[in-house]
Amino acid sequence: MKNNILHIIYQTNIIWWVENFLSTLLSFSKNNDELVQVYNKKNNTWINNKISNLNEKKHSYNPIILLFQTFSRAIKYKNICKENNINISVSHWDSLNLSNIISKILFWNKSKVYIFLHNSLSFYTNKWSFIYKYLFKYLYPKADKVITISKEMANELKEQWYKNIETIYNPIDFKKIEKLKIESLWKYKWLFHKKTFITISRLEEVKNIDFIIKAFNEFNINNTNYNLIIIWDWSKKEILEKIRKDIWNKNIHLLWKQKNVYKFLEESNYFIFSSLNEWFWRVLIESLACNTPVLTHDFRYWAKEIVRNNKDFSECKKIEVNENWILVPYLNKKLFIDAMEEITKVKFEKDKIRNNIERYNIEKLNKNWESIINN
């Protein structure tokens, strides 16, 4: 059965994981899908769907303006749903989720309301966060479905306040990776004359790259036959300057934004990761798809789900060697360095790695989505 579905998103030009996720979902969809774009963005990149534009401008973080926007959007959503006979209204970010729910409980939107949590609710840490967190706790249970991208996050929410939760992982296109990972590295081939650790990240505080650099510096004292490659983009100037001061080691190499990261992952021996928090960091699965095992600490959310390959979400308290990668306690530099030694001694089986990441295959996305919207 086809559904008339409305997806609400900030923008349709593909920049972040949210737009990528929705673009992929719609490319598989057999439903009658429409889009509401909140911000008026030029140079949009999207597949051919009907797009309504609210033409909002970005404002500074002003709680009064945000409150007004929350209610005005809710009215607009309700009207769009009514005009287009929408039976499921799906929103893809927290402030949009609030408007979506308000359209139902205050303005009598007759569509079912589904909300996606693409991030953690603990993401809100500024002085006005308590307002948002109160609204989440009160309003989110009133949605018809809450959809997370992490089972650990879903489990936490169920324990706290809500039961009607589903999980859909961010999809990974393994077939695309298979084609791209065999491209030639030509001018970068010299970097792999030594065994190589690699990490890929924006240079932001939350990515915690300085942790990796300091850990590698210590590891490299007794392991001089290893390189560290950092593929980076979206840097704040002060962070880049700070990192460059820490890179006194000739075995650490910074590479500016690479169009095809898979050929670097394929050639590397190990991927290392130290972000302070993540909701679903795609590159970890993409690394495994290139048969490159991963070392990460126990960030929230999602690392445990594939590291342990089970439903054990308890805190990591020691070095854990698993079929896919190695997990260490959160921000424990000593154990992280010890694990860098350990990962060089472990033999990982490619067939087991591939089997364990199959749940993230892009081909499973539409089946999971159809199951959610038809039940």
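Below is a summary of the structure that appears in this document. Note that the structure is a prediction, hence the values are computed from the model and not measured.

Focus on helix α2 (residues 63-83)
If you check α2, its first and last C-alpha atoms are 30 Å apart, about what 21 residues at 1.5 Å a residue would give, namely 30 Å. Lining the buried residues of α2 we find β1 (4-9), β2 (32-39), β3 (50-56), β4 (88-91) and α3 (94-105). In the segment just after α2, Asn85 is the residue with positive phi, at about 50°.

What about the nonpolar core?
In terms of nonpolar packing, the biggest core is built from 117 residues, with Phe197, Trp302, Tyr360 and Trp369 touching the most fellow members. If you tally residues by element for this core, the top one is helix α7 (residues 209-221), at seven residues. Beyond its immediate sequence surroundings of up to four residues, Trp302 is in contact with Ile149, Ser150, Glu152, Tyr169, Trp279, Phe280, Trp281, Leu284, Ile285, Trp325 and Tyr360.

Here's the deal with the pairing of strand β11 (residues 270-273)
Here β11 shows no split at all, with Tyr270 and Ile272 on one side and Phe271 and Phe273 on the other all buried. In terms of strand pairing, strand β8 (residues 195-202) meets β11 through two bridges, oriented parallel. For Ile198, the partnering residue across the bridge sits in β11 and is Phe271. When β11 meets strand β12 (residues 294-297), the two strands line up parallel, connected through three bridges. Looking at β12, one finds that Ile272 is bridged to Leu295.

Here's the deal with the sheet that holds strand β7 (residues 165-167)
Pairing is parallel in the open sheet, where seven strands are placed in the order β3-β2-β1-β4-β5-β6-β7. Sheet topology places β3 and β7 at the edges, where each strand pairs with a single neighbour. Averaged over neighbouring strand pairs, the angle between their axes works out to 20° when direction is ignored. Note that strand β5 (residues 112-117) and strand β6 (residues 145-148) share four bridges and pair parallel. Residue pairing in the sheet places Tyr114 in a bridge with Lys145 of β6. Along the sheet, helix α1 (residues 17-28) contacts β1, β2 and β5; its crossing angle with β1, the most-contacted strand, is approximately 165°. Sheet strands in contact with α3 are β1, β2, β4 and β5, and its direction is about 165° off that of β5.

Focus on the environment of Tyr10
If you trace the backbone, Tyr10 turns up in the loop between β1 and α1. Under the relative-accessibility criterion, Tyr10 is labelled buried at 19%. Spatially, the C-alpha atom of Tyr10 lies 8.1 Å from that of Leu96, the residues being 86 residues apart in sequence. The residues touching Tyr10, leaving out its near neighbours within four places in the chain, are Gln37, Val38, Tyr39, Arg73, Trp93, Ser95 and Leu96.

The rules behind each value
Residues numbered from 1 in each chain as written. Predicted model: local features only at pLDDT ≥ 70, side-chain atom pairs only at ≥ 80, totals over all residues. Heavy atoms only, no water. Helix = DSSP H or I, 4+ residues; strand = E, 2+ residues; numbered from the N terminus. Expected span 1.5 Å × (residues − 1). Contact = heavy atoms within 4.5 Å. Core = buried A, V, L, I, M, F, W, Y, C linked by side-chain atoms within 4.5 Å. Buried < 20%, exposed > 50% of the residue type's maximum accessible area, 1.4 Å probe, protein only. Pairing = 2+ DSSP bridges. Axes fitted to C-alpha atoms, helices over the stretch in contact; angles between N-to-C directions.

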